[in-house]
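Each chain, letter by letter, is given below.
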Amino acid sequence: MESAILRRRSERLLNPKKASIEGSSVDAREDGDDPPQYTVDLSLPPRKRYQHIVVDFKSQISTLPVLFDEVVKDLRANIPVESTRWLARLLLRRVYNTEENEELRGIQETTGIDMYLLVAFNVLLDLFMGCTSGAVRVKDDDQNTKMLHFRTLDWGMNALREVIVHLDFVEKPGGDVIASSITYVGYVGVLTGVRKGLSVSLNFRPNHDDSGRLSNFRFYFHHLLVLLGFQPSISSLLRGYLLPNLSSNTSRTDAPALDSIERDLPSFKTTAAYLIFSDGNDTLTIEKDHQTAVIRSANDFIVATNHDLAAESTTQYLKATHEDSFRTLLDGIVVGSIDRRNTALKLWEKSMERVKQNSSKKASTHEQDLTKNSIIRWMDTYPILNEETHFATVMDPRDGKVVWIKRYIEPVEDK
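Structural notes, computed from the coordinates. (Residues numbered from 1 in each chain as written. Predicted model: local features only at pLDDT ≥ 70, side-chain atom pairs only at ≥ 80, totals over all residues. Heavy atoms only, no water.)

**As for helix α6 (residues 98-111)**
Over its 14 residues, α6 extends 20 Å from the first C-alpha to the last, a length consistent with the 20 Å expected when each residue adds 1.5 Å. For α6, the full list of buried residues reads Glu 100, Asn 101, Glu 103, Leu 104, Gly 106, Ile 107, Thr 110 and Thr 111. In this fold, the buried residues of α6 make contact with α2 (51-54), α3 (58-61), α7 (115-124) and α9 (234-242). Two to three positions downstream of the cap, the backbone nitrogen of Glu 99 sits 2.9 Å from a side-chain oxygen, assigning the N-cap of α6 to Asn 97. Phi turns positive one or two residues past the end of α6, at Gly 112, with a value near 80°. (Helix = DSSP H or I, 4+ residues; strand = E, 2+ residues; numbered from the N terminus. Expected span 1.5 Å × (residues − 1). Buried < 20%, exposed > 50% of the residue type's maximum accessible area, 1.4 Å probe, protein only. Contact = heavy atoms within 4.5 Å. Polar contact = N/O pair within 3.5 Å; in protein donor to acceptor, adjacent residues only side chain to side chain.)

See the structure below:
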């Protein structure tokens, strides 16, 4: 029997509502609020860094066992939930990165949550996230422009809406903020974050290279190694781009830049995902497979959701079969993904049309009327903002700041 989460999500994603782009702007919604904001002091021992945060969310974090059971059911595992829980308790003892593992130990000591649940939470959270990520060039002032990184995170686990937090990282008490992350309490990797010179976001990718038995074996074997703590998760790799490694005396100024990420990341062994990086001047989208990647870049507008662009028009991406609920879920994610990407494209194209109408010059990346508030209104447009959106944010990688963020405790309905 399908779990309630899987059934609801399949039904909604396979029957997406059509967005309306009639006017030049979209009325801002009153839904949503600012998530709680905390400072994480990286000079503290790792076990103590998150204790002041998780103590405020003990009751919410106590639901992790229930969420674990629901994820197992959604994965259509061929073993009972109780047996899966027993195996997880036996095998999921740590994450790969020692510093992150110590942080999780501190969370365990404060909350009493079993370590296997925290490990599972940190290595499985990116499953089935339907997200919209991208960047667009906007006016900075009368003379200059820059790219802002926009992002929504969608997921079916409504209980997690209440544990969304905005974290600011410092290297010493009272120090300057060196990076920020929008995340869930108890999650120590990075799904969404920004520092001066770089912003990052991760989207779920529902497919990978399955052209042969060997490629499939390598892909799933990597997943197993991540679960067992022998390989880093992809969110751990993103954390490495965002935060300095204090133990190796790495300076903030030595943190990887966009060109080195483009050069080095494709060959890293990872799960399949869509990764978005921006430095405020240029933006990369990376369709990442196990050890390969398709990279695209732009300095005016770019967007990624949850499907490969090369296969967007093929019938295998648009057909949904109800014979298998797991396949149905993936098809539903892709259908919704295409709808969200097309909506973002229409918003961009409409802004370029206005420029052409209002100017005798040809529209270019520096001759447009988009502002930060324009992009915030984009984030309020259905289906970019939809029933499963947990939060939406706009980041400024040039200044290294989160410039706008909204959390949605209750599912948002189309206006």
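**Side note on the packing of α6 against α7**
Contact geometry for α6 and α7: axes closest at 10 Å, N-to-C directions at 130°. With respect to α7, the axis of α6 lies oblique. The crossing of α6 and α7 is right-handed. On α7, the residues that touch Asn 101, Leu 104, Arg 105, Ile 107 and Gln 108 of α6 are Met 115, Leu 118 and Asn 122. Residue composition of the contact of α6 with α7, by class: four nonpolar, three polar and one charged. (Axes fitted to C-alpha atoms, helices over the stretch in contact; angles between N-to-C directions. Parallel < 35°, antiparallel > 145°, perpendicular 65-115°, else oblique. Left-handed = near helix turned anticlockwise from the far one by under 90°. Nonpolar A, V, L, I, M, F, W, Y, C, P; charged D, E, K, R; others polar.)

**Points about a nonpolar patch on the surface**
Together, Ile 79, Trp 86, Leu 87, Leu 90 and Leu 91 make up a nonpolar patch on the protein surface, roughly 470 Å² of accessible area in all. Within the secondary structure layout, Trp 86 lies in helix α5 (residues 81-91). A relative accessible area of 55% places Trp 86 in the exposed class. (Patch = residues over 30% accessible without salt bridge, like charges linked within 9 Å, V, L, I, M, F, W, Y side chains within 5 Å. Areas by Shrake-Rupley, 256 points an atom, 1.4 Å probe, with all protein chains shown as cover. Salt bridge = Lys/Arg side-chain N within 4 Å of Asp/Glu carboxyl O.)

**Quick word on the packing of aromatic side chains**
To describe a pair of aromatic rings, one takes the distance between the centres and the angle between the planes. Under the counting rule described, the total for this entry stands at nine aromatic pairs. Considering the side-chain rings of Phe 219 and Tyr 220, the 5.1 Å spacing of their centres and the 85° angle between planes classify their relative orientation as edge-to-face. For Phe 219, a relative accessible area of 7% translates into the label buried. With relative accessibility at 49%, the residue Tyr 220 sits in the partly exposed group. Between Tyr 241 and Phe 277, the ring centres sit 5.7 Å apart and the planes meet at 90°, which makes this aromatic pair edge-to-face. (Phe/Tyr/Trp six-rings, centres within 6.5 Å; stacked < 30°, edge-to-face > 60°.)

**Side note on α5**
Every α-helix carries 3.6 residues per turn, so stepping three or four residues along brings you back to the same face. Looking at α5, one finds that the buried residues are Val 81, Thr 84 and Ala 88. Taken end-on, α5 shows its buried residues confined to a sector of 60°, consistent with a single buried face. Residues of α5 that are exposed and point more than 90 degrees away from the buried face comprise Glu 82 and Trp 86. (Arc of directions from axis to C-beta.)

**Observations concerning the nonpolar core**
Within the largest apolar cluster, 70 residues are counted, with the highest numbers of intra-cluster contacts made by Leu 160, Phe 169, Tyr 184, Leu 275 and Phe 277. Broken down by element, this core gets its largest block of residues, eight residues, from α7. Beyond its immediate stretch of four places on either side in the chain, Tyr 184 contacts Phe 121, Leu 125, Leu 153, Leu 160, Val 163, Ile 164, Val 165 and His 390. Core analysis: the second largest hydrophobic core is formed by 23 residues, Leu 370, Trp 378, Leu 385 and Ala 392 among them. (Core = buried A, V, L, I, M, F, W, Y, C linked by side-chain atoms within 4.5 Å.)

**Re the pattern of salt bridges**
Any two side chains of opposite charge can pair, on the condition that their charged atoms come close. Overall, the coordinates contain 18 salt bridges when judged by the stated rule. Among the ionic pairs, Arg 47 bridges to Glu 109, the shortest N-O distance being 2.4 Å. Residue Arg 47 is found in the loop between β1 (37-41) and α2, and its partner Glu 109 is found in helix α6; the two are separated by 62 residues along the sequence. For Arg 47, a relative accessible area of 31% gives the class partly exposed. In this structure, the salt-bridge partner of Lys 146 is Asp 396, at a minimum N-O distance of 2.4 Å. Here Lys 146 is found in strand β3 (residues 145-154), whereas its partner Asp 396 is found in strand β12 (residues 389-396), with 250 residues between them in sequence. Here Lys 146 and Asp 396 have matching classes, each one buried.

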